[in-house]
Amino acid sequence: MHTPHPSTERAPGRPWISHAPRSATTVALTTLTALAPASWGTTYVVTTQLLPPGHPLFAGMLRALPGGLLALVITRVLPRGDWWWRATVLGALNIGALYPLLFVAAERLPGGVAATLSATQPLMVAGLAVALLHVRPTAWRLAWGVFGVVGVGLVVLGPQARLDAVGVLAGLGGTATMAAGIVLTKRWGLPAGVGPLTLTGWQLTAGGLLLLPLTFAIEGAPPRIDAGAASGYLWLGSVGGLIASTLWFRGIGRLPVGASAPLVLLSPLVAAVIGVAMGESLSPLQTFGFVLALAALLAAQLDSPNLSGRMASGRRREARSEKTELLDDPIREGRTR
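Below, the structure is looked at part by part.

## Description of the overall build of the chain
No. 1: Looking only at helices and strands, the chain has 14 helices and zero strands in total.
No. 2: Here the chain holds 337 residues, and 48% of them are scored as buried.
No. 3: Restricting the contact set of the chain to residue pairs at least 6 apart, pairs at least 24 apart contribute 91%.
No. 4: For the chain, the accessible area works out to roughly 15,900 Å², and carbon and sulfur atoms hold 69% of it.

## Considerations on the environment of Met 178
No. 1: Here Met 178 shows up in helix H8 (residues 165–188).
No. 2: Sequence separation between Met 178 and Tyr 99 is 79 residues; the distance between their C-alpha atoms is 9.7 Å.
No. 3: Aside from chain neighbours lying at most four places away, what touches Met 178 is Trp 40, Leu 93, Asn 94, Leu 98, Gln 121, Trp 248 and Val 264.

## Structural notes on helix H10 (residues 227–254)
No. 1: For H10, which comprises 28 residues, the first-to-last C-alpha distance of 39 Å matches the rise-based estimate of 40 Å (1.5 Å per residue) to within 8%.
No. 2: The largest bend in H10 comes to about 40°, at Ala 244.
No. 3: A distance of 3.2 Å separates the backbone nitrogen of Gly 228 from a side-chain oxygen at the start of H10, and that oxygen is part of Asp 226.

## Overview of the side chain of Thr 33
No. 1: With respect to the element layout, Thr 33 can be found in helix H1 (residues 24–40).
No. 2: The contact partners of Thr 33, leaving out residues within four places of it in the chain, are Leu 247, Trp 248, Gly 251, Leu 255 and Leu 263.

## Regarding the pattern of salt bridges
No. 1: Scanning the model with the defined rule gives one salt bridge in all.
No. 2: Across the salt bridge formed by Asp 226 and Arg 224, the nearest N and O atoms sit 3.7 Å from each other.

## Side note on helix H6 (residues 121–132)
No. 1: A rise of 1.5 Å per residue sets the reference length of H6, with its 12 residues, at 16 Å; its end C-alpha atoms lie 16 Å apart and thus fit the reference within 8%.
No. 2: Residues of H6 that are buried include every one of Gln 121, Pro 122, Val 125, Ala 126 and Ala 129, and no others. In an axial view of H6, the angular spread of the buried residues amounts to 140°, which keeps them on one side of the axis.
No. 3: Once H6 ends, the next one or two residues include His 134, with phi positive near 55°.

## Examining a nonpolar patch on the surface
No. 1: Nonpolar side chains collect at one region of the surface, where Leu 123, Leu 142, Val 146, Phe 147 and Val 150 lie side by side and expose about 370 Å² of accessible area between them.
No. 2: Checked against the element boundaries, Phe 147 lands in helix H7 (residues 139–156).

## Remarks on the environment of Leu 302
No. 1: Turning to its location among the elements, Leu 302 is positioned in the loop between helix H13 (284–299) and helix H14 (308–336).
No. 2: In sequence terms Leu 302 and Trp 140 are 162 residues apart; their C-alpha atoms lie 9.0 Å from each other.
No. 3: Beyond its immediate sequence surroundings of up to four residues, Leu 302 is in contact with Trp 140 and Arg 141.

Parameters at a glance
Residue numbering note: each chain is counted from 1, following its sequence as written. A pLDDT threshold of at least 70 governs which residues receive local features in this predicted model, and a stricter bar of 80 or more applies before side-chain atom pairs are shown or counted, although totals over entire chains, interfaces and linings include all residues. Only hydrogens and water are removed before side-chain values are computed, so all heavy atoms of the structure are retained for them. A run of DSSP states H or I qualifies as a helix once it reaches four residues; a run of E qualifies as a strand once it reaches two. Both are numbered from the N-terminal end. Buried means the residue's accessible area, taken with a 1.4 Å probe over protein chains only, is under 20% of the maximum for its type, while exposed means over 50%, and partly exposed covers the values in between. Note on contacts: a residue pair qualifies if any of its non-hydrogen atoms lie within 4.5 Å across the two residues. To measure how exposed things are, a 1.4 Å probe is used in the Shrake-Rupley method; for residues, cover is taken only from the protein chains shown. Helix span is expected to be 1.5 Å times the residue number reduced by one. Bend, at a single residue, is the angle you get between axes fitted to the 7 residues ending at that residue and the 7 residues starting at it. By the criterion applied in these results, polar contacts are pairs of N or O atoms within 3.5 Å in which, for protein atoms, one can donate a hydrogen and the other can accept it, and in which residues neighboring in sequence qualify only through two side-chain atoms. Each reported salt bridge corresponds to a side-chain nitrogen of Lys or Arg within 4 Å of a carboxyl oxygen of Asp or Glu. Taking the helix axis as origin, the arc is that swept by the directions to the C-beta atoms. Patch members must show over 30% relative accessible area and no salt bridge, and they are joined within 9 Å when carrying like charges or within 5 Å when they are nonpolar side chains of Val, Leu, Ile, Met, Phe, Trp or Tyr.

Rendered as structure tokens:
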């Protein structure tokens, strides 16, 4: 059984929110978390170049279920109590709904349109965080969130971009479900004695099981899976699935929600870099957009300079509040059992 990191240990019912100041450890954690959306930036090229078309549910199911079952075998920990339905909800949002919607968007939209839709996620997270976490985003992070969308749009949108209604709805739906998953993962945190790999295994398995009957009822398996498709499914299920999801859920649980959400901008930026590596070129306007999106991602990791004093004071007040909550937790726990 996994033992949680000291910074994530929490009493039952308390959101998994860290107020620790930025340090070398936080920078390292941010870097590892960023590897997840960076790997997701390969989804578009893998889907369009390697996978058989017309099977988004099958691709989503293979990306989730095998990795989830492997994580359960490794951790040998099942949910308990409320975590049965919480893991199902998170699995549906982060995996079961997200994966097929992403594949539908990738198949029906140009990569640029799909990437721009996904870049709106930090703004969606900011709105949900106000309602569910009672965390108000600063004007600094909201402004850079808008700049991030503009930057990604400049990189990937062009005059040849076409809009498909189903693809747009799928792209927005996938972005919204992932935003909700991020905020709820932050709100619920981790149960005692459970690590990120266990939580990832629960979600991948729940999402994969939700997709399993839908896959074979609606579209079935592709008639032929060649070596290229097999390697694509393997990449998406391992690096883009189990490994990336574990790093992602570990990071968003420990980083401020306003800092972790903008990391998804790496996905379209990595996709753009892959395009350049495959022979595409960036115009001066696209290069400016790339720099703007990257600047937005980095700026979101910082707090507004003129708010530093107020934030330090706020952290002291929150620390005193957390002490009071910790004293009250045994009573609250007894009432909820």
